[in-house]
Amino acid sequence: MKKVKGKLILYIKDLLLFKRLKAFFYVLIFLLVGETVQYLTDIPIAGNIIGMVLLFLALQQKLIQLEDIKPASDKLLEFLVLFFIPYGVGLMVYFDLVEAFWLPMSGAVIVSTLLTLYVTALIVEKFGK
Amino acid sequence: MRDIFQFPLFAIALTVLFYFLARRIRNKWDIFFFNPVLLSIAGIIFFLNSFDIEFDTYNKGGKILTFFLGPAVVALGAFFYEKYEQLRQDLKVIFIAVVIGGLCGVFSITLFLVLLKMPDFLVRSLASKSVTTPIAIEITKVVDGIPDITAGIVIAVGIFGNTCGPFFLRHMGIKNKKAVGAALGTAAHGIGTARAIEEGQLPGTYSGIAMCLNGLITAFLTPYILYLFL
């Protein structure tokens, strides 16, 4: 038990490293700018996706270094799955609503997925080196 | 006793617990439908149902977790940049393939659902079925669908692509490994990319960048495509 506690404290210490918090702060700034752009222009794209594009562009233009972002972005992506599990759980509320459309919906999703797979692969196969 | 379910911390602890359990199970038995996300979601739903806990009660803590999707999606920008650096020379072909493939995905699912006379809310919730779950959720919010339905379907699509994708493509005569990688990333996002990584490092990278690109393309175009149909 003591060993587990020690490990946990080390883990939390690592999670709260100064450079990680600083990197997280940068990520939040990009999020804030993205949300603001979304709010001001009213385009139908989520603010965090705009923030993602801005972060990409800033890295590409060397306005910010990858090392400054990575301590936070790596951790966020490590736990990415955890952050959307509650939405998956929310499916339980809509079970009855979706149940009636189950079969045609699955059919449409499967055919569309196969089509996407094939079209993408075919283009790379034909024109890729 | 039941009062503890009311605490937001309860839901967070429950989710983290199930997630780590699911990862353990996956590491022990590597079977495709033992996908950690799928297992955690099924486990939590089962737990909530057994103890007769309402989703809204659970979601008090759930909301705190999903809040982090905001910064996490921004962080995908850094991931995208890393992949982009690795693949510069081949970017043009991939870009064209992913744009056409991705558009094909959104158009076909929307068209099929409309032809099958499915209700509006389903069309709106399923249009972004091929892109990574956090982005798909944001798209669904923007187009007024139900993000919870999106999450479930997107994960199912990923598992389908992961298990059947390479087999299907081989049968259709695709031999190029890069092509298989790009297709898996475009059609089946992160879960498909996991399979592409198993096929090799090169297809893995192709899949990663295809996933990012398609996330962006779908995010930018889905609202307008839906506007055409609905």
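Because the structure is a prediction, the values reported are computed rather than measured.

**Here we look at the domain arrangement of chain A**
Here is step 1 of the chain: Assigned domains of chain A: these are domain 1 (1-78) and domain 2 (86-129).
Here is step 2 of the chain: Taking the mean C-alpha position of each, domain 1 of chain A and domain 2 of chain A sit 30 Å from one another.

**Some details on the domain arrangement of chain B**
Note: interface size is frequently given as the accessible area lost on complex formation between the parts.
Residue and element names in this part refer to chain B.
Here is step 1 of the chain: Domain assignment breaks chain B into domain 1 (2-67) and domain 2 (73-229).
Here is step 2 of the chain: Measuring from the centre of the C-alpha atoms in domain 1 to the corresponding centre in domain 2 gives 26 Å.
Here is step 3 of the chain: With 6 residues of domain 1 at the interface, the matching set in domain 2 holds 5 residues.
Here is step 4 of the chain: Here domain 1 meets domain 2 over a buried area of about 470 Å², counting both sides, of which 76% is carbon and sulfur.
Here is step 5 of the chain: The tally of links between domain 1 and domain 2 comes to 0 salt bridges.
Here is step 6 of the chain: Take the side of domain 1 that touches domain 2: its biggest share by element is 3 residues, from helix H2 (residues 36-50).
Here is step 7 of the chain: Of the residues assigned to the side of domain 1 that touches domain 2, the class counts are 5 nonpolar, 1 polar and no charged.

**Side note on unusual backbone geometry**
Residues and elements named next belong to chain B.
Here is step 1 of the chain: Its identity is not glycine, yet Asp-52 carries a phi of approximately 60°, on the positive side.
Here is step 2 of the chain: Relative to the assigned elements, Asp-52 resides in the loop between H2 and helix H3 (55-67).
Here is step 3 of the chain: The class of Asp-52 is exposed, set by a relative accessible area of 63%.
Here is step 4 of the chain: One non-glycine residue, His-189, adopts positive backbone phi at about 40°.
Here is step 5 of the chain: Here His-189 is to be found in helix H9 (residues 177-199).

**With respect to the interface of chain A and chain B**
Here is step 1 of the chain: On the chain B side, the residues contacting the 67 residues of chain A number 92 residues.
Here is step 2 of the chain: By the criterion of area lost to chain B, the three top residues of chain A are Met-52, Tyr-87 and Leu-117 of chain A, representing 10% of everything that side buries.
Here is step 3 of the chain: Our enumeration of links across chain A and chain B arrives at 1 salt bridge.
Here is step 4 of the chain: Residue Glu-82 of chain B is joined to Lys-70 of chain A by a salt bridge in which the shortest nitrogen-to-oxygen separation is 2.9 Å.
Here is step 5 of the chain: Taken together, the links from chain A to chain B amount to 10 residue pairs in polar contact (both at pLDDT 80 or more).
Here is step 6 of the chain: Listed by contribution, the elements that provide at least two residues to the side of chain A that touches chain B are helix H2 (18-41), helix H3 (47-60), helix H4 (66-78), helix H5 (80-99) and helix H6 (102-127) of chain A.

**Notes on the environment of Ala-219 of chain B**
Here is step 1 of the chain: Tracing the sequence through the fold places Ala-219 of chain B in helix H10 (residues 201-229).
Here is step 2 of the chain: Since its relative accessible area comes to 2%, Ala-219 of chain B is described here as buried.
Here is step 3 of the chain: Between the C-alpha atoms of Ala-219 of chain B and Thr-140 of chain B, which are 79 residues apart in sequence, the distance is 9.4 Å.
Here is step 4 of the chain: In this view, Ala-219 of chain B contacts Pro-44, Ile-45 and Ile-49 of chain A together with Ile-135 and Ile-139 of chain B; residues no more than four positions away in its chain are not counted.

**Quick look at the packing of helix H4 (residues 69-86) of chain B against helix H7 (residues 133-142) of chain B**
Think of two packed helices as two axes; the pair is described by the angle between the axes and how far apart they sit.
Residues and elements named next belong to chain B.
Here is step 1 of the chain: It is the contact of H4 with H7, at a shortest axis distance of 10 Å, that shows an interaxial angle of 120°. The way H4 lies across H7 gives a crossing that is left-handed. From H4, Leu-69, Val-73 and Leu-76 reach across to H7, where they touch Pro-134, Ile-135 and Ile-137.
Here is step 2 of the chain: Of the residues in the contact of H4 with H7, the class split is 6 nonpolar, no polar and no charged.

**Focus on the environment of Glu-54 of chain B**
Residues and elements named next belong to chain B.
Here is step 1 of the chain: Within the secondary structure, Glu-54 sits in the loop between H2 and H3.
Here is step 2 of the chain: Using a relative accessible area of 55% as the deciding quantity, one classes Glu-54 as exposed.
Here is step 3 of the chain: Once the C-alpha coordinates of Glu-54 and Leu-184 are considered, the two residues, 130 residues apart in sequence, prove to be 36 Å apart.

**Some details on the packing of H5 of chain A against helix H1 (residues 8-28) of chain B**
Here is step 1 of the chain: Where H5 of chain A meets H1 of chain B, the axes come as close as 10 Å, and the angle between the chain directions of the two elements is 120°. Classified by the angle their axes make, H5 of chain A and H1 of chain B are oblique. Crossing angle aside, the handedness with which H5 of chain A passes H1 of chain B is right-handed. In contact with Val-81, Leu-82 and Ile-85 of chain A of H5 of chain A, H1 of chain B contributes Thr-15, Val-16 and Tyr-19 of chain B.
Here is step 2 of the chain: When grouped by side-chain class, the residues that make up the contact of H5 of chain A with H1 of chain B number 5 nonpolar, 1 polar and no charged.

Definitions and cut-offs
- Every chain's residues receive numbers from 1 upward, in the order its sequence appears when written.
- The lettering of chains begins at A and the numbering of ligands begins at 1, in the order of writing.
- The predicted nature of this model means local features are confined to residues of pLDDT at least 70 and side-chain atom pairs, given and counted, to a pLDDT of 80 or more, with totals for whole chains, interfaces and linings taken over all residues.
- Just so you know, side-chain values use all the structure's heavy atoms and leave hydrogens and water out.
- What marks off one domain from the next here is an automatic or database domain assignment.
- Note on definitions: a residue-residue contact is assigned when non-hydrogen atoms from the two residues lie within 4.5 Å.
- Accessible area that two parts lose when put together, evaluated with a 1.4 Å probe and summed over both, is termed the buried area.
- By definition here, a salt bridge exists when the distance from a side-chain nitrogen of Lys or Arg to a carboxyl oxygen of Asp or Glu is within 4 Å.
- A helix here means a DSSP run of H or I that spans at least four residues, while a strand means a run of E at least two residues long, and both kinds are numbered starting from the N terminus.
- Just so you know the grouping, Ala, Val, Leu, Ile, Met, Phe, Trp, Tyr, Cys and Pro go in nonpolar, Asp, Glu, Lys and Arg go in charged, and all remaining residues, Gly too, go in polar.
- A 1.4 Å probe rolled over the protein chains alone gives each residue an accessible area, and that area as a share of the maximum for its type sets the label: buried under 20%, exposed over 50%, partly exposed in between.
- Under this definition, polar contacts are N or O atom pairs within 3.5 Å; protein pairs additionally need one hydrogen-donor-capable and one acceptor-capable atom, and for neighbouring residues in sequence, both atoms have to be side-chain atoms.
- Inter-axis angles, ranging from 0 to 180 degrees, are taken between N-to-C directions of lines fitted to C-alpha atoms, where helices are fitted over the stretch in contact.
- Throughout, a crossing is termed right-handed when the near helix is turned clockwise from the far one, and left-handed when it is turned anticlockwise from it by less than a right angle.
- For classification, angles of less than 35 degrees are called roughly parallel, those exceeding 145 degrees roughly antiparallel, those between 65 and 115 degrees roughly perpendicular, and all remaining angles oblique.

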